[in-house]
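Analysis of the macromolecular model
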Amino acid sequence: MALADHLRELRNRLVKSVLAIVLFTIVAAIYHKQIETFLLEPLPQCNTRAEIDAFNGKCAQVSNIGLTTPFTWTLKVALTAGVVAAVPVWLYQLWAFVAPGLHRNERKYTLGFMGAGAPLFLSGVVCAYLLLPTTVKVLISFSPTGTTPILPPEDYFDIATRMVLVFGLAFEFPLILVMLNFAHVVTGKRLLGWWRGMVMGITVFAAFATPSADPLSMLALAAPIWALYFAAVGVALLNDRRRARRNPDAGLDDEEASHLDLSVDEVASAEPVEASVTPVAGAPVPAARREQLDDIT
């Protein structure tokens, strides 16, 4: 395809993705009350006296500050829900745009990675949602005694969105390692040799990624990534073993010489073959023609 055709194809894919997001956003705007209730459910609220007593005063008063704040909050919730709900559509459009330029085996691997990427991302989202109550309680616990924190829904939604994105993308990290192994960039043995640095790096990342300072939230993010990392190492080792069975020289470095078989096989004796037609002598080449052939040579 020409460059203009590629740009036209990209435009069509983007338009379809945007239309899907807009459609799901409209549906989410219709049911925004239910979505907002679901998002605010993990939040320890101080709306009633029973809730205040249940949380020992360590709760927050959810309050919209400003005239346009409820509309902005609803718009954010609807748009975010629309983008998340339209994930299968725009992922397929991205795949449909890239697929014609891939080989058959590359398409197979890409489909497998996309199929594994969505459950991993959703697992990170679920983990973030389950940790939201603990995170909010820890953050509210820093409030002075006798005070009731006033929490705008937008602030809470920003923290929740940040946690969902960070946890979801963090769960994709082992999948990236497997992709690098399948692309012959790194071997499973080398990934296994990095386990100390990986465990330490994942722990430090979890400490900075979780908004709260409690070790429970940090371990809740770090422990699944540790398990997924070692699972990715296992997949990489199995893939290297399968690759070695097919090609014994697959594990060699680019500058390392492969094994050469220098043994000499016995050559059979020559077999005479009779010509089916006697060759006819050609006409003599003129002198001028010979000079032309010499010049060409």
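Note that this is a predicted model, so its numbers are computed, not measured.

Points about a positive patch on the surface
Side chains of K108, R241, R245 and R246 sit close together on the surface and give a patch of like positive charge. It is helix α11 (residues 215-246) that contributes the most residues to the positive patch, three residues altogether. Within the element layout of this structure, R245 appears in helix α11. Accessibility expressed as a relative area gives 63% for R245, which makes it exposed.

Quick notes on the packing of aromatic side chains
Under the defined criterion, the tally for this structure stands at three aromatic pairs. Here the aromatic rings of F38 and Y129 are separated by 4.8 Å at their centres, their planes lie at 10 degrees, and the arrangement is stacked. One end of the pair, F38, is in helix α2 (residues 32-40); the other, Y129, is in helix α6 (residues 104-140), and 91 residues separate them in sequence. Given a relative accessible area of 46%, F38 falls into the partly exposed group. For Y129, a relative accessible area of 22% puts it in the partly exposed group.

A closer look at the side chain of N181
Note on placement: N181 falls in helix α8 (residues 173-182). Of the polar contacts made by the side chain of N181, one reaches the side chain of N239; its length is 2.8 Å. Beyond its immediate stretch of four places on either side in the chain, N181 contacts V186, T187, G188, A236, N239, D240 and R243.

Focus on the packing of α8 against α11
For the pair α8 and α11, interaxial distance at closest approach is 9 Å and the crossing angle is 15 degrees. One way to sum up the angle between α8 and α11 is to call them roughly parallel. Pair α8 / α11 crosses with right-handed handedness. On α11, the residues that touch P174, L177, V178, N181 and F182 of α8 are L228, Y229, A232, V235, A236, N239, D240 and R243. Each residue belonging to the contact of α8 with α11 can be placed in one class, and the counts come to nine nonpolar, two polar and two charged.

Here's the deal with the nonpolar core
With 35 residues, the main nonpolar core has L43, Y156, F167 and L221 as its most contacted residues. Elements represented by at least two residues in this core include exactly α6, α7 (153-170), α8, α10 (195-209) and α11. It is α6 that contributes the most residues to this core, eight residues altogether.

Parameters and conventions
Residues numbered from 1 in each chain as written. Predicted model: local features only at pLDDT ≥ 70, side-chain atom pairs only at ≥ 80, totals over all residues. Heavy atoms only, no water. Patch = residues over 30% accessible without salt bridge, like charges linked within 9 Å, V, L, I, M, F, W, Y side chains within 5 Å. Areas by Shrake-Rupley, 256 points an atom, 1.4 Å probe, with all protein chains shown as cover. Salt bridge = Lys/Arg side-chain N within 4 Å of Asp/Glu carboxyl O. Lys, Arg positive; Asp, Glu negative; His and termini not counted. Charge placed at Lys NZ, Arg CZ, Asp CG, Glu CD. Helix = DSSP H or I, 4+ residues; strand = E, 2+ residues; numbered from the N terminus. Buried < 20%, exposed > 50% of the residue type's maximum accessible area, 1.4 Å probe, protein only. Phe/Tyr/Trp six-rings, centres within 6.5 Å; stacked < 30°, edge-to-face > 60°. Polar contact = N/O pair within 3.5 Å; in protein donor to acceptor, adjacent residues only side chain to side chain. Contact = heavy atoms within 4.5 Å. Axes fitted to C-alpha atoms, helices over the stretch in contact; angles between N-to-C directions. Parallel < 35°, antiparallel > 145°, perpendicular 65-115°, else oblique. Left-handed = near helix turned anticlockwise from the far one by under 90°. Nonpolar A, V, L, I, M, F, W, Y, C, P; charged D, E, K, R; others polar. Core = buried A, V, L, I, M, F, W, Y, C linked by side-chain atoms within 4.5 Å.

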